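Reading the structure
This is what each chain is made of:
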Amino acid sequence: MKITGIEAIPYAIPYNHPLAFASGSVATADHVLVRIHTDEGVTGVADAPPRPYTYGETQVSIKNVVEELFAPQIIGLDPFDREKIHAVMRRTIHNQVAKGTVDIALWDLAGKALGQPVHKLLGGWTDSMRVSHMLGFKPAQELLDEALRFGEDYGITTFKLKVGRRPLSLDIEACRVLREGLGEGVELYLDANRGWTANEALQVLQQTEGLGLTLLEEPCDAKEAMSRRRLVEKSPIPVVGDESVPTAGDASRELLSGGCNAICIKTARSGFTEATEILGLCTGLGVDVTMGNQIDTQIGSLATVTFGAAHEATSRRAGELSNFLDMSDDLLAEPISIVDGRISVRDLPGVGAEISEDKLARYRTDS
Ligand code: MUC
Ligand code: MG
């Protein structure tokens, strides 16, 4: 089989409920749909969510990198020769989301060609994941109302609260209100997206002691290595690396230098191949992992649940899978549903993300 063409289609879908967090905000999904075509008529598909404030990539840069740098060197290769394709992509540094999306599209293509769901090819551990919902910046009472509604409507009992605001009391108060309103049985953890210094994070941990918070993600910039290591040593809960660990090399550096002691895996920026390497590193070292959300569409969320459900270690915790609910629409032909707090993988060849051509025509911005 040979790759005959690669499309990188920009599109825009507005959010009904924009999400704000310490490093940025999202009001429109300005994403890129990547499709890899072959001479046997099998097509692989994946969704790229650009996050300039996290990785420096934009909708335009992802489209250009995929179409101008990768496609000319990948066209003509066998889509099963993933290592050769990765060797091509490695010649361009960074651009993690562009690379991850091509990788997921290749896995989708492989699954379709073999007539197998990708969660089976990756590991086949289980067929669904518990859902964690990400709560963006809002006044404390609104956060509680949202969490209660997600509990009521979808059966979700795990929430990641976006923090990293100043004064610190805003987030400390939000933690208190959520714990009091949600009760003991609900899991609550924090993600500061580098909004604090390490010492500020330590203050927050001290002042939220007793609230049963389970994880603290990317509290400060991981480049502030010394103060970050001190925080990790003093923290009573795991400190999770997220944007500091898009590759297996980054994850090794952060874990070995004491910059974090748990890892957030995001398929959107690591693809399935590098996510597998990161996961192997974490299980080998005995480090906890979470399945993160790069503010993904339903296509991206299907990719996350495909990888997360495929492995035992990624299935232990709830995966961040529900923020597509904030969008006004999606390109997926058959919407994802959350039932009893869980999302199931699709029992279809590939990742199972069938695209609605009507919706793609409506939302694409290049025609
Ligand atoms: C997260 O976990 O940080 C916010 C920015 C980004 O790149 O992903 C989100 C969620
Ligand atoms: Mg994060």
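Here goes a summary of the coordinates provided.

What counts, and where the lines are drawn
Residues numbered from 1 in each chain as written. Chains lettered and ligands numbered in written order. Predicted model: local features only at pLDDT ≥ 70, side-chain atom pairs only at ≥ 80, totals over all residues. Heavy atoms only, no water. Helix = DSSP H or I, 4+ residues; strand = E, 2+ residues; numbered from the N terminus. Rg over C-alpha atoms; globule rule 2.2 N^0.38 Å. Buried < 20%, exposed > 50% of the residue type's maximum accessible area, 1.4 Å probe, protein only. Contact = heavy atoms within 4.5 Å. Lys, Arg positive; Asp, Glu negative; His and termini not counted. Charge placed at Lys NZ, Arg CZ, Asp CG, Glu CD. Axes fitted to C-alpha atoms, helices over the stretch in contact; angles between N-to-C directions. Parallel < 35°, antiparallel > 145°, perpendicular 65-115°, else oblique. Left-handed = near helix turned anticlockwise from the far one by under 90°. Nonpolar A, V, L, I, M, F, W, Y, C, P; charged D, E, K, R; others polar.

1. Describing the overall build of the chain
A tally of helices and strands in the chain yields 14 helices and 12 strands. Taking 21 Å as the expected radius of gyration for a compact globule of 367 residues, we find that the chain reaches 20 Å, a close match to that expectation. Counting only C-alpha atoms, the chain reaches 60 × 40 × 35 Å along its principal axes. Burial statistics for the chain: of 367 residues in total, 59% are counted as buried. Within the chain, counting contacts between residues at least 6 apart in sequence, those at least 24 apart form 73% of the total. In the chain, 36 side chains carry a positive charge and 52 a negative one; their mean positions are 4 Å apart.

2. Some thoughts on the packing of helix H8 (residues 198–207) against helix H9 (residues 225–234)
At a minimum axis distance of 9 Å, the contact between H8 and H9 shows a crossing angle of 20°. The angle between H8 and H9 places the two elements in the roughly parallel class. Considering the relative orientation of H8 and H9, their crossing is right-handed. Contacts between H8 and H9 pair Ala198, Asn199, Ala201, Leu202 and Leu205 from the former with Ser227, Arg228, Arg230, Leu231 and Lys234 from the latter. Broken down by class, the residue content of the contact of H8 with H9 amounts to 5 nonpolar, 2 polar and 3 charged.

3. Focus: the environment of Leu332
Looking at the secondary structure, you find Leu332 in the loop between strand S11 (319–320) and strand S12 (342–344). The exposure class of Leu332 is buried, given its relative accessible area of 2%. Here the alpha-carbon distance between Leu332 and Pro52, two residues 280 residues apart in the chain, equals 24 Å. Ignoring sequence-local partners within four residues, the contact set of Leu332 consists of Gln298, Ile299, Leu302, Arg346, Ala353, Glu354, Ser356 and Lys359.

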